[in-house]
Amino acid sequence: MATAKQRPRPARRAPTSPVEETPVIGGRFLAAALIVGAMAFIPFAPLPNSWFERPSEKPTSTAADWKVGGSAVVRISVVTGDFNTLACVSDQEVDGAHCGFRGETEIWPSAPGAPLDDNKKNVIQPYWTFPDNQMIMVAGLWAEPHVAMRLHQEPPAAVPAKKLARFVARCTLRFVGQLPASKIRWGLGQQWSAGAASVVARPDSCEIEKGE
């Protein structure tokens with residue numbers, strides 16, 4: 001009995017190895033490779049100062065630069081509690097500004113028609129600069145918008161004095177006149193101390209720079 005012819009099986013092909021794709025180097029990997037390569041060739045080369053400097057930043061001044069009619073960038077160290085505690089005594093006005101007290105126990109009276117609260121726009125107060133601790137007399141610091149906002153965010157009446165955060169106001173100050181020798185107080189209830197004649201400044205603009 002005849003049988004059906006079997007179909008020949010196709011010959012098996014030898015297995016081929018997978019084709020490896022060449023990786024493409026780019027993006028962040030390429031940038032990192034270039035930096036590492038550069039460091040390998042120049043391991044001790046200093047990085048350029050321009051990478052870290054802020055070109056628009058003005059250098060701060062010293063007391064020698066504080067001249068009536070001029071201006072300077074000054075960093076002032078404060079806490080919001082200073083709004084109520086820092087004060088001076090003098091019966092003299094400078095550019096429409098005055099100390100908080102006319103005498104040791106006499107508060108300078110408000111001008112007729114003056115607002116009840118203007119953030120002491122025309123009140124002169126003593127401050128310390130940062131980090132060199134030079135005393136400076138400034139009128140209306142708390143009325144400057146950025147400093148006023150900080151006072152609004154951290155009102156001293158709502159926070160214990162020891163918990164108030166110290167910060168630095170970096171201000172462009174305009175020097176408007178000379179205050180004769182006055183008396184100065186750095187805290188409520190403290191004794192008045194003698195202060196020398198000093199130039200008085202008004203802030204044109206300020207930035208809240210950082211905490212100390």
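Residues numbered from 1 in each chain as written. Predicted model: local features only at pLDDT ≥ 70, side-chain atom pairs only at ≥ 80, totals over all residues. Heavy atoms only, no water.

Q: Got a minute to help me understand the overall build of the protein chain in this structure?
A: A count of helical and extended segments in the protein chain gives 3 helices and 12 strands. Restricting the contact set of the protein chain to residue pairs at least 6 apart, pairs at least 24 apart contribute 70%. Accessible surface computed for the protein chain: about 14,900 Å², of which carbon and sulfur atoms make up 57%. (Helix = DSSP H or I, 4+ residues; strand = E, 2+ residues; numbered from the N terminus. Contact = heavy atoms within 4.5 Å. Areas by Shrake-Rupley, 256 points an atom, 1.4 Å probe, with all protein chains shown as cover.)

Q: Honestly, the confidence of the model for the protein chain in this entry has me stumped. Any pointers?
A: Parts of the model with low pLDDT should not have their predicted coordinates read in detail. For the protein chain, per-residue confidence averages 81 on the pLDDT scale, and residues scoring 70 or more make up 71% of the total. Predicted confidence for residues 38–56 stays below pLDDT 50, and this span has 1 contact to residues more than four positions away or in other chains. (pLDDT = per-residue confidence, 0-100.)

Q: What should I look at first to understand the layout of surface pockets in this one?
A: Space left empty within the atom packing is revealed by a probe, the size of a water molecule, rolled over the atoms. Approximately 630 Å³ is the volume attributed to the largest pocket. Together, 28 residues line the largest pocket, and His 98, Trp 108, Ser 110, Lys 120 and Val 123 are the ones closest to its centre. Mapped onto the lining of the largest pocket, the elements with two or more residues apiece are helix H2 (82–85) and strand E7 (123–129). Considering every element that reaches the lining of the largest pocket, the biggest residue donor is E7, with 3 residues. Counted by class, the lining of the largest pocket contains 14 nonpolar, 8 polar and 6 charged residues. (1 Å grid on protein atoms, 1.4 Å probe; cavity = no way out; pocket = protein on both sides within 12 Å on 5 of 7 lines; lining within 4 Å. Points joined across faces, edges and corners; volume = space filled by probe spheres on them. Nonpolar A, V, L, I, M, F, W, Y, C, P; charged D, E, K, R; others polar.)

Q: Just checking my understanding: could you explain the environment of Asp 118 for this structure?
A: Note that Asp 118 resides in the loop between strand E6 (106–107) and E7. Taking relative accessible area as the criterion, Asp 118 reaches 31% and is therefore assigned partly exposed. As for Asp 118 and Trp 142, which are separated by 24 residues in sequence, their C-alpha atoms are 8.9 Å apart. From its side chain, Asp 118 meets the backbone nitrogen of Lys 120 in a polar contact 3.2 Å long. (Buried < 20%, exposed > 50% of the residue type's maximum accessible area, 1.4 Å probe, protein only. Polar contact = N/O pair within 3.5 Å; in protein donor to acceptor, adjacent residues only side chain to side chain.)

Q: Can you help me understand the nonpolar core in this one?
A: Across soluble globular proteins, nonpolar side chains have a tendency to be buried as a group. Membership of the largest hydrophobic core comes to 22 residues, with the highest contact counts inside it found for Ile 76, Tyr 127, Ile 136, Leu 141, Trp 142, Leu 173 and Phe 175. Elements represented by at least two residues in this core include exactly strand E1 (71–78), strand E8 (135–139), helix H3 (145–153), strand E9 (167–179) and strand E12 (198–211). Broken down by element, the residue count for this core peaks at 5 residues, all from E9. Contact partners of Tyr 127, with chain neighbours within four places excluded, come to Ile 76, Val 78, Leu 86, Gln 134, Met 135, Ile 136, Val 138, Leu 141, Trp 142 and Trp 186. Counting 9 residues, the second-largest nonpolar core is a separate cluster that includes Cys 88, Cys 99, Ile 124 and Ala 139. (Core = buried A, V, L, I, M, F, W, Y, C linked by side-chain atoms within 4.5 Å.)

Q: Would you take a moment to explain the state of the cysteines for this structure?
A: By definition, a disulfide links the sulfur atoms of two cysteine residues through a covalent bond. Counting across every chain of the model gives 2 disulfides. Note that Cys 88 is cross-linked by a disulfide to Cys 99, the S-S spacing being 2.0 Å. Taking the sign of the torsion about the S-S bond as the criterion, the disulfide between Cys 88 and Cys 99, at about -105°, is left-handed. Of this pair, Cys 88 sits in strand E2 (residues 87–89) while Cys 99 sits in strand E4 (residues 97–99); the two residues are 11 residues apart in sequence, bridging distant segments of the chain. This pair shows no difference in class: Cys 88 is buried, exactly as Cys 99 is. The disulfide partner of Cys 171 is Cys 206, and the gap between their sulfur atoms is 2.1 Å. Judged by the torsion about the S-S bond (110°), the Cys 171/Cys 206 disulfide is right-handed. Taken together, the residues span a long stretch of sequence, with Cys 171 in strand E9 and Cys 206 in strand E12 at a distance of 35 residues. (Disulfide = S-S within 2.5 Å.)

Q: It is not clear to me how the environment of Gly 100 should be interpreted in this structure. Could you clarify?
A: Note on placement: Gly 100 falls in the loop between E4 and strand E5 (101–103). Sequence-wise, Gly 100 and Ser 110 are 10 residues apart; in three dimensions their C-alpha atoms are separated by 10.0 Å. Here Gly 100 is in contact with Cys 88, Ile 107, Trp 108, Val 123 and Ile 124, once residues within four sequence places are set aside.

Q: What is the right way to look at the environment of Val 147 in this model?
A: Tracing the backbone through its elements, the reader meets Val 147 in helix H3. Expressed as a C-alpha distance, the spacing of Val 147 and Cys 171, which sit 24 residues apart in the sequence, is 9.8 Å. With near-sequence residues (within four places) excluded, Val 147 lies in contact with Leu 141, Trp 142, Ala 169, Cys 206 and Ile 208.

Q: Just checking my understanding: could you explain unusual backbone geometry for this structure?
A: If a residue is not glycine, its phi is most likely negative; likewise, a peptide bond is most likely trans. Residue Pro 131 is reached from Phe 130 by a cis peptide bond, and omega for that bond is 0°. With a phi close to 55°, Asp 95 is a non-glycine residue in the positive phi region. Inspection of the secondary structure puts Asp 95 in the loop between strand E3 (93–94) and E4. Here the phi dihedral of Asn 119 falls at roughly 55°; this positive angle occurs in a residue that is not glycine. Tracing the chain through its elements places Asn 119 in the loop between E6 and E7.

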